[in-house]
Amino acid sequence: RTAVVAREVTKVYGEGDAAVHALRGIDVGFAAEEFTAIMGPSGSGKSTLMHCLAGLDTVTDGQVIIGDVEITGLNDKQLTLLRRERVGFIFQAFNLLPTLTAEQNIRLPLEIAGRQADQALFDRVIETVGLRDRLRHKPSELSGGQQQRVAVARALISKPQVIFADEPTGNLDSRSGAEVLAFLRRSVRELGQTIVMVTHDPVAASYADRVVFLRDGLLVSEVERPTPQTVL
Ligand code: ADP
Ligand code: ADP
């Protein structure tokens, strides 16, 4: 089952002499229960591709399909709804609200969407990310690794079909990073999710099922069952 598809996606920033062709015809699919890493040099289009896949940025040409919905045909309001219901985000800067506790941060997206938390899932996510005794703490009272685990829990709790992660371990020490990645990997299997992760770190990428490589806005190669050596 394919959860996210990009068809001939192009993205041009600016016009005329100043035009930057960030994506130049990307064809790629991401299956349910598949964890994919996107790698490539700085400026190759990784962030742009992820933003276009997630509907955070519009494509210049081509199509993006999430589940059974072609998002390139949606207006802003429809896009916001679709993201709320199907998409989770994990960013390098954790984007936690400083005045809320860990638990309040984790529950916030559901509250905004007016949905009830699935308590069994909440408990399972909290156990897996190991935050049980940190739920009442504010972000400033948590380590970087713990804050990132809060962000991961927040992304998982609404059971999004797709999770987009932009350098999710960029601000973590290698041990906390490994914990977060192992957890993402497990959640793909247990919750049947699709994860698309941008990273420049071969060790992080080795947690994925496959790695796709971008260069100058084109998808140039792909590695299945990566190891840190095969994606260097
Ligand atoms: P990566 O994430 O691989 O570093 P990006 O997707 O950030 O690459 O950028 C791809 C290209 O598009 C780069 O040349 C970058 O400068 C350009 N670019 C990205 N975002 C914008 C923008 N908002 N306006 C103009 N150019 C942009
Ligand atoms: P990353 O480290 O993920 O590659 P960047 O630092 O390239 O991210 O870009 C951060 C943000 O700035 C992104 O939202 C990207 O779209 C935007 N951006 C990147 N390059 C440009 C540019 N040349 N002009 C305007 N915005 C840009």
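See the structure shown above.
Scoring rules and cut-offs
Residues numbered from 1 in each chain as written. Chains lettered and ligands numbered in written order. Predicted model: local features only at pLDDT ≥ 70, side-chain atom pairs only at ≥ 80, totals over all residues. Heavy atoms only, no water. Near = heavy atom within 4 Å. Polar contact = N/O pair within 3.5 Å; in protein donor to acceptor, adjacent residues only side chain to side chain. Areas by Shrake-Rupley, 256 points an atom, 1.4 Å probe, with all protein chains shown as cover. Helix = DSSP H or I, 4+ residues; strand = E, 2+ residues; numbered from the N terminus. Nonpolar A, V, L, I, M, F, W, Y, C, P; charged D, E, K, R; others polar. Core = buried A, V, L, I, M, F, W, Y, C linked by side-chain atoms within 4.5 Å. Buried < 20%, exposed > 50% of the residue type's maximum accessible area, 1.4 Å probe, protein only. Contact = heavy atoms within 4.5 Å. Pairing = 2+ DSSP bridges. Axes fitted to C-alpha atoms, helices over the stretch in contact; angles between N-to-C directions.

**Considering the site of ligand 1**
Link 1 in the chain: The environment of ligand 1 is made up of Tyr-13, Val-20, Ala-22, Pro-41, Ser-42, Gly-43, Ser-44, Gly-45, Lys-46, Ser-47 and Thr-48.
Link 2 in the chain: Between Ser-44 and ligand 1, the recorded distance is 3.2 Å, taken from a backbone N or O atom to an oxygen atom.
Link 3 in the chain: Measuring from an oxygen atom of ligand 1, one finds a backbone N or O atom of Gly-45 at 3.0 Å.
Link 4 in the chain: Taking 560 Å² as the accessible area of ligand 1 by itself, protein coverage stands at 58%.
Link 5 in the chain: Every element with two or more residues in the shell around ligand 1 is listed here: strand S2 (20-31) and helix H1 (46-53).
Link 6 in the chain: Residue composition of the shell around ligand 1, grouped by class: 4 nonpolar, 6 polar and 1 charged.

**Some words on the nonpolar core**
Link 1 in the chain: Counting 41 residues, the largest nonpolar core has Phe-35, Ile-106 and Val-152 as the members making the most contacts within it.
Link 2 in the chain: Among the elements that line this core, the one with the most residues is helix H5 (residues 144-157), at 7 residues.
Link 3 in the chain: Not counting the four nearest positions on each side in its chain, Phe-35 is found in contact with Leu-181, Leu-184, Arg-185, Val-188, Ile-195, Met-197, Tyr-207, Ala-208, Asp-209 and Arg-210.
Link 4 in the chain: Counting residues in hydrophobic clusters, the runner-up holds 29 residues, among them Val-4, Val-9, Val-69 and Val-87.

**Let's talk about the sheet that holds strand S7 (residues 162-166)**
Paired through their backbone hydrogen bonds, the strands of a sheet run either parallel or antiparallel.
Link 1 in the chain: Taken in spatial order, the 6 strands make up an open sheet running S6-S7-S8-S3-S9-S10, and their pairing is mixed. With one partner strand each, in any of the chains shown, strand S6 (87-90) and strand S10 (218-224) form the two edges of the open sheet. Going across the sheet, the axis of each strand differs from the next one's by a mean of 20°, ignoring polarity.
Link 2 in the chain: Each of S6 and S7 touches H5; the most contacted strand, S6, lies at about 175° to it.

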